[in-house]
Amino acid sequence: ADYPAASHPILAKVTGLVCSCASRFVAANKKNQDLIFSVLDNALWLLDDQPDMALLFVSIFEHNKELCEQVTPELVDRFGGLIERERQADKFSPWYLQFYIAITVVDGKGIVQNQVMVVDILSKRTPDATLHLLQGDRGRDRVMHLASHFNSMGQLRDTEPSRWSGGGDAELIYYIRC
């Protein structure tokens, strides 16, 4: 609120680019992951409005068992709330799911305490409100429809959600990540 409303889109774009740069800075680098993890609490507020921040969180924890073992129930719940908020708005946000994937398995080995927290949060918030599980004949038909009309191959390769489009393509990508 310190800036004029007209500048908010520019600020969001700059913040997204900074998050993207920071994600690359920490990716697969334990020293840098530890450094950014130490100031993570200062960035929590950005999660609500900046999807690229979620990918920074993914990069901080990905392939780092020691940091994954420090994940708090509050952080897991925060991501559950973000997933639920997006689904209630009928949106699909796979970057929040990526966080759960990053904290539950490191180098092929499960982090049981985090798996339990994630399952608990998703159960508490009810799967219907958080996940998009296309099941049964209707679900299979929907997946086939989405796949046959998919036209955003770039989304699959582009890790920066601020550039992702919506619609059926986003729904299919979200479903695949569930």
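Everything quoted here is computed from the prediction, not taken from an experiment. (Residues numbered from 1 in each chain as written. Predicted model: local features only at pLDDT ≥ 70, side-chain atom pairs only at ≥ 80, totals over all residues. Heavy atoms only, no water.)

## Notes on the overall build of the protein chain
- Broken down by element type, the protein chain carries eleven helices and two strands.
- For the protein chain, restricting intrachain contacts to residue pairs at least 6 apart in sequence, the fraction spanning at least 24 positions comes to 67%.
- Taken as a whole, the protein chain presents about 10,200 Å² of accessible surface, with 57% of it coming from carbon and sulfur. (Helix = DSSP H or I, 4+ residues; strand = E, 2+ residues; numbered from the N terminus. Contact = heavy atoms within 4.5 Å. Areas by Shrake-Rupley, 256 points an atom, 1.4 Å probe, with all protein chains shown as cover.)

## As for the pattern of salt bridges
- Counted according to the given criterion, the structure contains four salt bridges.
- The partner of Glu69 in a salt bridge is Lys65, with the nearest N and O atoms 3.2 Å apart.
- Using a relative accessible area of 42% as the deciding quantity, one classes Lys65 as partly exposed.
- Among the ionic pairs, Glu86 bridges to Arg85, the shortest N-O distance being 2.9 Å.
- Residue Glu86 is classed as buried on the basis of its relative accessible area of 12%.
- Overall, Arg85 belongs to the partly exposed group, its relative accessible area being 32%. (Salt bridge = Lys/Arg side-chain N within 4 Å of Asp/Glu carboxyl O. Buried < 20%, exposed > 50% of the residue type's maximum accessible area, 1.4 Å probe, protein only.)

## A short note on the nonpolar core
- Counting 37 residues, the largest nonpolar core has Phe57, Phe61, Phe79, Phe99, Tyr100 and Ile103 as its most contacted members.
- Elements with a minimum of two residues in this core: helix 1 (8-26), helix 3 (51-61), helix 4 (65-68), helix 5 (73-88), helix 6 (94-104) and helix 7 (112-124).
- A total of eight residues in this core trace back to one element, the largest contributor, which is helix 3.
- In this structure, Phe61 is in contact with Gln33, Phe37, Leu40, Leu67, Cys68, Val71, Leu75, Phe99, Ala102 and Ile103, ignoring residues within four places of it in sequence. (Core = buried A, V, L, I, M, F, W, Y, C linked by side-chain atoms within 4.5 Å.)

## Notes on the confidence of the model for the protein chain
- For the protein chain, per-residue confidence averages 81 on the pLDDT scale, and 75% of positions sit at 70 or higher.
- When pLDDT is averaged over each helix and strand of the protein chain, the minimum, 55, is found for helix 8 (residues 127-130) and the maximum, 97, for helix 4. (pLDDT = per-residue confidence, 0-100.)

## Topic: the packing of helix 3 against helix 6
- Interaxial distance between helix 3 and helix 6 falls to 9 Å at its minimum, and their mutual angle equals 10°. Between helix 3 and helix 6, the interaxial angle falls into the category roughly parallel. Residues Pro51, Ala54, Leu55, Phe57, Val58 and Phe61 of helix 3 pack against Trp95, Tyr96, Gln98, Phe99, Ala102 and Ile103 of helix 6.
- Residues that form the contact of helix 3 with helix 6 fall into these classes: eleven nonpolar, one polar and no charged. (Axes fitted to C-alpha atoms, helices over the stretch in contact; angles between N-to-C directions. Parallel < 35°, antiparallel > 145°, perpendicular 65-115°, else oblique. Nonpolar A, V, L, I, M, F, W, Y, C, P; charged D, E, K, R; others polar.)

## Topic: helix 1
- An ideal rise of 1.5 Å per residue puts 27 Å on 19 residues; helix 1 measures up with 27 Å between its terminal C-alpha atoms.
- Looking at helix 1, one finds that the buried residues are Gly16, Cys19, Ser20, Ala22, Ser23 and Val26. Along helix 1, the residues classed as buried sweep out an arc of 165° about the axis, all on the same side. For helix 1, the exposed residues lying more than 90 degrees away from the buried face are Ile10, Val18, Cys21 and Arg24.
- Tucked inside the fold, the buried residues of helix 1 contact helix 2 (30-37) and helix 3.
- Just past helix 1, the residue Ala28 takes up positive phi, approximately 55°. (Expected span 1.5 Å × (residues − 1). Arc of directions from axis to C-beta.)

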